[in-house]
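# An overview of the molecular structure
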Amino acid sequence: MKLINRLERALGKFAIPHLITYIIAAYAIGFVLELIGGNFLYYLTLEPYYILKGQIWRLVSWIFIPDTSGIWALIMMIFYYQIGTELEHYWGTFRFNLYIWGGIFFTDIAALILYAVTYQIYKTPYPVSFMFGTSYINLSMFLAFATCFPEEKVMLYFVIPVKMKWLAVVYAAISLYTAIVGGWIVRTAIIASLLNFIIFYLLTRNTKQYSPREIHRKQKFKRQVHQSEERTKHKCAVCGRTEEDGPDLQFRYCSKCDGNHEYCQDHLFTHQHIKLH
């Protein structure tokens with residue numbers, strides 16, 4: 001997190017406010033191009049062969065290609081616009097930018113590596129763009145939102161209220177299954193697309209509480225509290241003072257309170273009586 005803070009101080013001014021708006025606009029343009037037909041989307045895919053030939057716009061233009069079509073594309077755009085907006089408010093503009101661009105960067109690197117590996121295997125250019133799209137980038141954004149807001153509810157199929165954390169478990173399980181049965185090429189694509197979420201998850205987990213030093217500190221504190229409770233015989237139910245706070249303090253039980261409640265001399269006659277019924 002210190003590294004991210006340093007990056008934000010150095011590069012925060014270059015962050016794009018409302019980045020999700022531009023991403024959804026790119027989806028919308030791709031959706032329209034798909035409706036028009038033709039080969040427009042063919043020139044936007046993440047294909048390393050053409051990138052190495054000079055078509056470097058493909059490193060980013062693949063985010064124009066929607067991962068679904070029809071009415072579901074419109075629903076997806078509305079849904080991820082809401083998620084992206086909430087994440088930017090929660091993290092801040094720079095961290096949201098870092099998360100999205102990180103996912104795009106890892107995907108680009110994975111595509112180039114896969115192209116190099118498959119070229120060595122098949123001795124001919126092997127298309128890999130069909131493996132990379134916006135679906136896993138969207139999934140990484142969804143998982144991040146579910147991690148930040150696990151109790152938030154969404155209406156599944158507009159009818160069934162489901163908490164985000166349970167949907168995240170389902171989607172993660174589907175991705176894991178796909179990675180297991182899909183072969184090493186599929187695994188590489190999935191891991192690369194979700195690597196930004198994996199890094200985010202590890203950075204935001206409070207792993208310090210599980211360290212041996214922290215466990216020892218908590219155990220020591222509990223022993224000290226227990227020993228202190230054993231040494232004190234009297235404790236005021238109002239102010240919490242014990243006989244160790246002053247040798248002249250006197251303690252009495254109140255006969256008008258329900259239960260055994262003890263008070264110091266300053267609160268014996270001024271406290272509010274406790275009635276259980």
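All of the points below concern the structure found in this document. In this text, all values refer to a predicted model and were calculated from it rather than measured experimentally. (Residues numbered from 1 in each chain as written. Predicted model: local features only at pLDDT ≥ 70, side-chain atom pairs only at ≥ 80, totals over all residues. Heavy atoms only, no water.)

### What to know about the packing of helix α2 (residues 19-36) against helix α5 (residues 71-91)
Where α2 meets α5, the axes come as close as 9 Å, and the angle between the chain directions of the two elements is 165°. Between α2 and α5, the interaxial angle falls into the category roughly antiparallel. With respect to the hand of their crossing, α2 and α5 are arranged in right-handed fashion. Across from L19, I20, T21, I24, Y27, A28 and F31 in α2, the residues of α5 making contact are A73, L74, M76, M77, Y80, Y81, G84, T85 and E88. Classifying every residue of the contact of α2 with α5 gives 12 nonpolar, three polar and one charged. (Axes fitted to C-alpha atoms, helices over the stretch in contact; angles between N-to-C directions. Helix = DSSP H or I, 4+ residues; strand = E, 2+ residues; numbered from the N terminus. Parallel < 35°, antiparallel > 145°, perpendicular 65-115°, else oblique. Left-handed = near helix turned anticlockwise from the far one by under 90°. Contact = heavy atoms within 4.5 Å. Nonpolar A, V, L, I, M, F, W, Y, C, P; charged D, E, K, R; others polar.)

### Some remarks on the environment of L44
With respect to the helices and strands, the residue L44 is situated in the loop between α2 and α3 (48-51). In this structure L44 comes out as buried when scored by relative accessible area, which is 15%. In this structure, the C-alpha to C-alpha distance between L44 and I65, residues 21 residues apart in sequence, is 7.5 Å. (Buried < 20%, exposed > 50% of the residue type's maximum accessible area, 1.4 Å probe, protein only.)

### Some points on the pattern of salt bridges
A side chain with one charge may pair with a side chain of the opposite charge, provided their charged atoms come close. Under the criterion given, the structure shown has four salt bridges. For K165, the salt bridge goes to E151, with nearest N and O atoms at 2.9 Å. Placement of the pair is K165 in helix α8 (residues 164-181) and E151 in the loop between α7 (134-148) and β1 (153-156), with a sequence separation of 14 residues. The partner of R241 in a salt bridge is D266, and the shortest N-O contact between them spans 2.6 Å. With a gap of 25 residues between them, R241 in the loop between α10 (212-231) and β3 (251-253) and D266 in the segment after β4 (262-264) connect regions that are remote in the sequence. Since its relative accessible area comes to 26%, R241 is described here as partly exposed. Connected via shared salt-bridge partners are E151, K163 and K165. (Salt bridge = Lys/Arg side-chain N within 4 Å of Asp/Glu carboxyl O.)

### Examining α2
One turn of an α-helix holds 3.6 residues; hence residues three or four places apart share an orientation. Helix length check: α2 (18 residues) gives 26 Å between terminal C-alpha atoms against 26 Å at 1.5 Å per residue, within 8%. When we look at burial in α2, the residues that qualify are L19, I20, I23, I24, A26, Y27, G30 and F31. Looking straight down α2, one finds its buried side chains confined to an arc of 150°; they lie on one side. Turned more than 90 degrees away from the buried face of α2, the exposed residues are Y22, L35 and I36. In this structure, the buried residues of α2 make contact with α5, α6 (93-122) and α7. Phi turns positive one or two residues past the end of α2, at G37, with a value near 90°. (Expected span 1.5 Å × (residues − 1). Arc of directions from axis to C-beta.)

### Thoughts on the packing of helix α1 (residues 2-11) against α6
Two elements in contact, α1 and α6, have axes separated by 10 Å at closest approach and are oriented at 105°. Here α1 is positioned roughly perpendicular relative to α6, judged by the angle of their axes. On α6, the residues that touch I4, N5, L7, E8 and L11 of α1 are F94, R95 and L98. A per-class count over the contact of α1 with α6 returns five nonpolar, one polar and two charged.

### Brief notes about unusual backbone geometry
Even without being glycine, H18 reaches a positive phi, approximately 55°. Checked against the element boundaries, H18 lands in the loop between α1 and α2.

### Points about the nonpolar core
Core analysis: the largest hydrophobic core is formed by 50 residues, its most contacted members being L87, W91, F96, I100, F132, M141 and F142. Elements represented by at least two residues in this core include exactly α2, α5, α6, α7, α8 and α9 (183-204). Counting residues per element, this core draws most heavily on α7, at 10 residues. Excluding residues that lie within four positions of it along the chain, M141 makes contacts with I20, Y80, I83, G84, L87, F96, Y99 and I100. Formed by eight residues, the second largest nonpolar core is a distinct cluster that contains C236, F251, C257 and L268. (Core = buried A, V, L, I, M, F, W, Y, C linked by side-chain atoms within 4.5 Å.)

### Concerning the side chain of T107
Within the secondary structure, T107 sits in helix α6. For T107, a relative accessible area of 0% puts it in the buried group. Apart from the residues lying within four places of it in its own chain, the contact partners of T107 are L46, W62, F132, I137, A192 and S193.

### Regarding the packing of aromatic side chains
Summed over all chains, the structure comprises 10 aromatic pairs. On the basis of an interplanar angle of 80° and a centroid distance of 5.5 Å, the ring pair of Y42 and Y43 is categorised as edge-to-face. Accessibility expressed as a relative area gives 42% for Y42, which makes it partly exposed. A network of ring pairs unites the aromatic residues Y42, Y43, Y49 and Y50 as a single cluster. (Phe/Tyr/Trp six-rings, centres within 6.5 Å; stacked < 30°, edge-to-face > 60°.)

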